[in-house]
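# A structural walkthrough
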Amino acid sequence: MGITVQRDACVGAGQCALVAPDLFDQDDDGIVLLLDPNPEGALVDAATRAVRLCPARAITFSA
Amino acid sequence: MSERVVVVGASIGGLTAAETLRQEGFDGDVILIGDERHRPYNRPPLSKQIIVGDWEPEDAHIRSEVEIGDLGIDLRTSCVAEALDAPARVLHTSQGDIPFDELIIATGTEPRRHPLVPSALTLRTVDDALAIRDGLRSARRVTVIGPGILGSEIASAARKYGADTHLVGRSGTLTFGGVGALLSSQLIELHETNGVDLDLDAEIVSADSDTAGTSILFADGRSERADLVVAMIGGDPRTGWLESSTLTIDNGIVCDGTGQAAAGVSAVGDVAAWRDPYTGRPVRVEHQSNAIEQAIAVALRLVRGEAGTRPVPLFWSELHGTRINAFGWFDPGLPLAPFDDGDAVLVSRDDAGRVHGAVGWNAPPREFRVARAAVAESASLAPLP
């Protein structure tokens, strides 16, 4: 349940942190950092969008 | 909602469309066909991690067979789309005819072979990348023809293997995707600092190949010999199989602003020319992020009836250890300027102060994201008259 990220699959595109900055950040190499694994309300849609935009499919999310 | 969606092209655009249909609850058939023998993989790593040997091909796969099966996607590999009867809604393939209610075309581009250097390798598929990797492992002299991102990436990889590397173009500049030649001087300096021998005003006259390599003759009388020649001189949309169809083909499949090419037929990604909502002109964008966003938009339209999208181009590269990111649109007549105090983020800013594009040059990700947000905000507004 919630959001999980696979940092070793991440290619640093930064799409997640752009569309859902409350949920994702990037380290200095651009690799994803998960800020909040349990989005609620409007953040659920943002999480879904981040999952789809990720070119590496490094994010999974089940509400 | 339709009962069977067929997706032609099993790369990131096709797979994203198929996945989004399922995530949105579509419970009809989803058939995803691809002409390669591989399951869907990401192409950006081919010219990056794969040719330098950091990744094996399986590392570039987007989804496992199990995941694709769990999503209820009927993936058919080594299946070639041969013709389309759009009015009858039938796709003819090398594995038989497939009737559909909705078709999504995501067949991408075909790399152009160099007409004067037929022995030159080129890069589109993972098999192409492995052939280049094999060549790079033993080559002492490498010639790369092509001034774009892919040419630069292959030259960067060749230097990593320690080869004498010659990067050849004829326009006088190096380009970086949608940024065009605006970064040319920075790219030239980066390559030269890292030992790439540049020749950007070179006109190739002929080439001779034997088992040991290729000799290239230039218009100024020089000739050079290389163990490996790679030509990255652009690609053409893969629309040959649509010649007998009723679709409008004009440098890609011409679509409306929602990706629809005809009743029951949509197109996404490198092969698709969506009509820009502001200019009315069909525009084809060859970046992965564009394929993903168009695929999501088409799937949402089919399931929910939602309208189109205007993806903001995003692309990146790593050359000689320098990470270069680009986001947005760039005007060839508008030089890049610093976004703020530093020089790690450069932007295309118009007279009204709107930021239309941003480039990060080894930029800290958080800093680049501030500029990206400014581009996204401009993109959400109608363009100035």
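Position labels on residues start from 1 in each chain and follow its written sequence. Each chain takes a letter, starting from A, and each ligand takes a number, starting from 1, following the order in which they are written. Under the rules for a predicted model, residues below a pLDDT of 70 receive no local features and side-chain atom pairs below 80 are neither given nor counted, while totals for whole chains, interfaces and linings still include all residues.

## Regarding the overall build of chain B
This is how the line gets drawn: Secondary structure elements follow DSSP: runs of H or I no shorter than four residues count as helices, runs of E no shorter than two count as strands, and numbering proceeds from the N terminus. It is over C-alpha atoms that the radius of gyration is taken, and the globule rule equals 2.2 Å times the number of residues to the power 0.38. Our exposure labels follow a C-beta count within 10 Å of each residue's own C-beta, placed from the backbone: buried means 20 or more other C-beta atoms, exposed means 12 or fewer, and partly exposed covers the counts in between. Residues are treated as contacting if the C-beta atoms built from their backbones sit within 7 Å of each other.
Within chain B, the secondary structure is distributed over seven helices and 26 strands. By the compact-globule yardstick of 21 Å for 385 residues, chain B fits well, its C-alpha radius of gyration being 22 Å. C-alpha extents for chain B along the principal axes are approximately 60 × 55 × 35 Å. Taken over 385 residues, chain B has a buried fraction of 47%. Across chain B, the fraction of contacts at a sequence separation of at least 24, relative to all contacts at a separation of at least 6, is 61%.

## Some points on the overall build of chain A
When helices and strands are tallied, chain A shows two helices and four strands. Starting at the N terminus, the α and β elements of chain A follow one another as β-α-β-β-α-β. Residues counted as buried form 44% of the 63 residues belonging to chain A.

## A look at the sheet that holds strand β1 (residues 4-8) of chain B
All names here are of chain B. Note the following rule: When DSSP finds two or more bridges between a pair of strands, those strands are recorded as paired. Axis angles are defined between N-to-C directions and span 0 to 180 degrees, where every axis is a line fitted to C-alpha atoms and, for a helix, only to the segment in contact.
Spatial ordering of the open sheet is given by β3-β2-β1-β7-β19-β18, a layout of six strands whose pairing is mixed. Because the sheet does not close on itself, it has two edges, and the strands there are β3 (74-76) and β18 (260-262). Mean inter-strand twist for the sheet, computed between neighbouring axes without regard to direction, equals 20°. The pairing of β18 with strand β19 (residues 265-267) spans two bridges and is classified as antiparallel. Bridging across to β19, Ala262 finds its partner in Val265. Packing of helix α1 (residues 12-23) onto the sheet brings it into contact with β1, β2 (29-33) and β7 (102-105), and relative to β2 it is tilted by some 170°.

## Regarding the packing of α1(B) against helix α6 (residues 288-304) of chain B
Residue and element names in this part refer to chain B. Heads up, the rule is: By the definition adopted for this analysis, an angle is roughly parallel if under 35 degrees, roughly antiparallel if over 145, roughly perpendicular if from 65 to 115, and oblique otherwise. Note on convention: the crossing is left-handed when the near helix lies turned anticlockwise from the far helix by less than a right angle, right-handed when the turn is clockwise. When residues are sorted by character, Ala, Val, Leu, Ile, Met, Phe, Trp, Tyr, Cys and Pro go into the nonpolar class, Asp, Glu, Lys and Arg into the charged class, and all the rest, Gly among them, into the polar class.
For the pair α1 and α6, interaxial distance at closest approach is 8 Å and the crossing angle is 30°. Judged by the inter-axis angle, α1 sits roughly parallel to α6. Handedness of the crossing formed by α1 with α6: right-handed. Residues Ile12, Gly13, Thr16, Ala17, Thr20 and Leu21 of α1 touch α6, and the partners they reach there are Gln288, Ala291, Ile292, Gln294, Ala295, Ile296, Val298, Ala299, Leu300, Leu302 and Val303. Among the residues making up the contact of α1 with α6, the classes are represented as twelve nonpolar, five polar and no charged.

## Remarks on the environment of B:Asp210
Checked against the element boundaries, B:Asp210 lands in strand β12 (residues 204-210). Residues B:Asp210 and B:Ser119, 91 residues apart in the sequence, show an inter-C-alpha distance of 9.2 Å.

## A closer look at the environment of A:Ile3
Residues and elements named next belong to chain A. Mapping Ile3 onto the fold places it in strand β1 (residues 2-5). With 23 C-beta atoms packed within 10 Å, Ile3 lands in the buried category. Through-space distance from the C-alpha of Ile3 to that of Thr48 is 9.7 Å; in sequence the pair is 45 residues apart. Apart from residues lying up to four places away in sequence, Ile3 is in contact with Leu23, Leu34, Pro37, Pro39, Ala47, Ile59 and Phe61.

## So, the interface of chain B and chain A
Listed as interface residues are 16 residues of chain B and, on the opposing side, twelve residues of chain A. No other element matches helix α7 (residues 365-379) of chain B, which puts four residues into the side of chain B that touches chain A. Residue composition of the side of chain B that touches chain A, by class: eight nonpolar, four polar and four charged.

## Some points on the domain arrangement of chain B
Here is the rule we go by: What marks off one domain from the next here is an automatic or database domain assignment.
Under the domain assignment used here, chain B contains domain 1 (4-48 + 59-110 + 235-304), domain 2 (113-231) and domain 3 (321-379). Between the C-alpha centres of domain 1 of chain B and domain 3 of chain B there is a distance of 31 Å.

## So, α6(B)
All names here are of chain B. Using the following cut-off: The span expected for a helix works out to 1.5 Å for each residue beyond the first.
Here α6 spans 24 Å end to end across 17 residues, near enough to the 24 Å set by a 1.5 Å rise per residue. The buried fraction of α6 amounts to 14 of the 17 residues, a majority that puts the element mostly inside the structure. One or two residues past the end of α6 sits Gly305, with phi positive at roughly 75°.

## Looking at the pairing of strand β20 (residues 272-275) of chain B
Residues and elements named next belong to chain B. Pairing between strand β17 (residues 253-255) and β20: three bridges, direction parallel. Note that in β20 the partner of Val254 across the bridge is Ala273. Between the antiparallel neighbours β20 and strand β21 (residues 282-284) lie six residues, among them Gly280 with a positive phi of about 80°.

## Structural notes on the sheet that holds strand β24 (residues 337-338) of chain B
Residues and elements named next belong to chain B. Spatially, the five strands line up as an open sheet ordered β22-β23-β26-β25-β24, and their pairing is antiparallel. At either margin of the open sheet sits one strand with a lone partner, and together these are β22 (314-319) and β24. As judged from the two bridges shared by β24 and strand β25 (residues 345-349), these two strands associate in the antiparallel manner. Its bridge partner being in β25, Pro338 is matched across the sheet by Leu346. Each of β23 (322-328), β25 and β26 (355-361) is contacted by α7, which is oriented at about 160° to β26, the strand it contacts most.

## Quick look at the pairing of β12(B)
Each regular strand carries side chains that alternate between the two faces of the sheet. Residue and element names in this part refer to chain B. Inspection of the sheet shows β12 paired to strand β13 (residues 213-218) by six bridges, in the antiparallel sense. Residue pairing in the sheet places Ala207 in a bridge with Ile216 of β13. What sits between the antiparallel neighbours β12 and β13 is a turn of two residues.

## A look at unusual backbone geometry
Residues and elements named next belong to chain A. For Arg57, which is not glycine, the phi torsion reads 50° and is therefore positive. Here Arg57 lies in the loop between α2 (42-53) and β4 (59-62). Owing to 20 C-beta atoms within 10 Å, Arg57 belongs among the buried residues under this scheme.

## So, helix α4 (residues 149-160) of chain B
All names here are of chain B. Across its twelve residues, α4 extends 16 Å between first and last C-alpha, which sits within 8% of the 16 Å expected from 1.5 Å per residue. Burial analysis of α4 places ten of its twelve residues in the buried class, the great majority of the element. Once α4 finishes, Gly162 follows within two positions and takes phi at roughly 90°, a positive value.

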